[in-house]
Amino acid sequence: MRKTLIAGNWKMNLTVTEAEKFFKAFKIQKKEGTELLFCPPFTDIPIARFFLDRSSIRWGAQNVYPEEKGAFTGEISAPMLKDLGCSYVICGHSERRQILGESDEFVARKVKAVLENDMIPILCVGETEEERKEGQTEERIGSEIRTALFALSKEETAKMVIAYEPIWAIGSGQAATPKDAEEIASFIRKTVKEAAGKKAADEVRILYGGSVNGDNISHFLKQKNIDGALIGGASLKPDTMIDIYNKA
Ligand SMILES: O=C(CO)COP(=O)(O)O
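Residues numbered from 1 in each chain as written. Predicted model: local features only at pLDDT ≥ 70, side-chain atom pairs only at ≥ 80, totals over all residues. Heavy atoms only, no water.

In the annotation of an unreviewed UniProt entry, the chain is listed under the name Triosephosphate isomerase and assigned to Dialister succinatiphilus YIT 11850. In UniProt, the chain has this text filed under Catalytic activity (unreviewed entry): "D-glyceraldehyde 3-phosphate = dihydroxyacetone phosphate". Checking UniProt for the chain, the heading Subcellular location (unreviewed entry) contains the comment "Cytoplasm". (UniProt positions renumbered as here; feature names shortened; annotations may be inferred.)

Participant: For this particular structure, what's the right way to read the UniProt feature "binding site: substrate" (unreviewed entry) in the chain?
Facilitator: Under the UniProt annotation, "binding site: substrate" (unreviewed entry) lies at N9, W10, K11, G171, S211, G232 and G233. With the annotated positions falling across 225 residues, the maximum pairwise C-alpha distance of 13.9 Å places them together in a single cluster. The annotated residues named above include N9 and K11 as those lining the largest pocket. Within the secondary structure layout, N9 lies in strand β1 (residues 4-9). Not counting residues up to four positions away in its chain, the partners in contact with N9 are C39, Q62, I90, H93, L230, I231, G232 and S235. From its side chain, N9 meets the backbone nitrogen of K11 in a polar contact 3.0 Å long. Structurally, W10 can be placed in the loop between β1 and α1 (16-25). Apart from the residues within four sequence positions on either side, W10 is in contact with A19, F22, F23, F38, C39, P40, P41, D44, Q62, S235 and L236. (1 Å grid on protein atoms, 1.4 Å probe; cavity = no way out; pocket = protein on both sides within 12 Å on 5 of 7 lines; lining within 4 Å. Helix = DSSP H or I, 4+ residues; strand = E, 2+ residues; numbered from the N terminus. Contact = heavy atoms within 4.5 Å. Polar contact = N/O pair within 3.5 Å; in protein donor to acceptor, adjacent residues only side chain to side chain.)

Participant: How should I be thinking about the site of the ligand in this particular structure?
Facilitator: Taken together, 13 residues lie near the ligand, and K11, H93, G171, S211 and G233 sit nearest. Contacts to the ligand include K11, whose side-chain N or O atom sits 2.8 Å from an oxygen atom. When the ligand sits alone it has 310 Å² of accessible area, and the protein chains cover 95% of it. Judged by the proximity of its atoms to the pocket grid, the ligand belongs to the second largest pocket. (Near = heavy atom within 4 Å. Areas by Shrake-Rupley, 256 points an atom, 1.4 Å probe, with all protein chains shown as cover. Sits in = over half its atoms within 2 Å of the grid points.)

What follows is the structure, encoded as structure tokens:
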């Protein structure tokens, strides 16, 4: 039985002062079978740890550099995140792939580094509006997944989370339909099965991300292959995130 994961990606939002205010206002009743996660900016991770340490809520990072340590000015390594108590790390978010030109190969190295440091990678995949119109969605996502899984054992693959985030749905207020998202989630599971076998495909968790809110969350979670959501804008307000968690 795969555990539902509700993950908030704060992106480049909330200062330390604002994050403190957020966590002071964030109160939930724990639910069995649903995991809650926040991925704040690096600067807020110690604040997340301070407030969430004795709770069931997990915290993680939005990015990582694939090397352990050394002369990589401005970067943050997986051991550094592990030491801050991070459980998850988002790898290959489309905003980084698009703005910074991160390649599938570079993202694959991040995924490996996260697993080697006993954290769980959330691998983001998804197509642009144009690729969707051209019927290239599966080709794009298939290649993003195969490259990321190439250097992983079946056991490592089984631990992963893969987030399907259609680029056109991110921050647009126009989410994919639950039916379309399920179709891609099913394709993702099939791709994992081909690469790493049935057991890994049964265990890997697949999230949907892109304009998720309190009104549409339940529709996504009803889908057979969707095990949770990666939430941007709606994760920035305590009340909205509490509402989403309660509906999950
Ligand atoms: O990119 C996302 C989460 O990683 C989705 O962002 P929005 O929920 O703001 O559309």
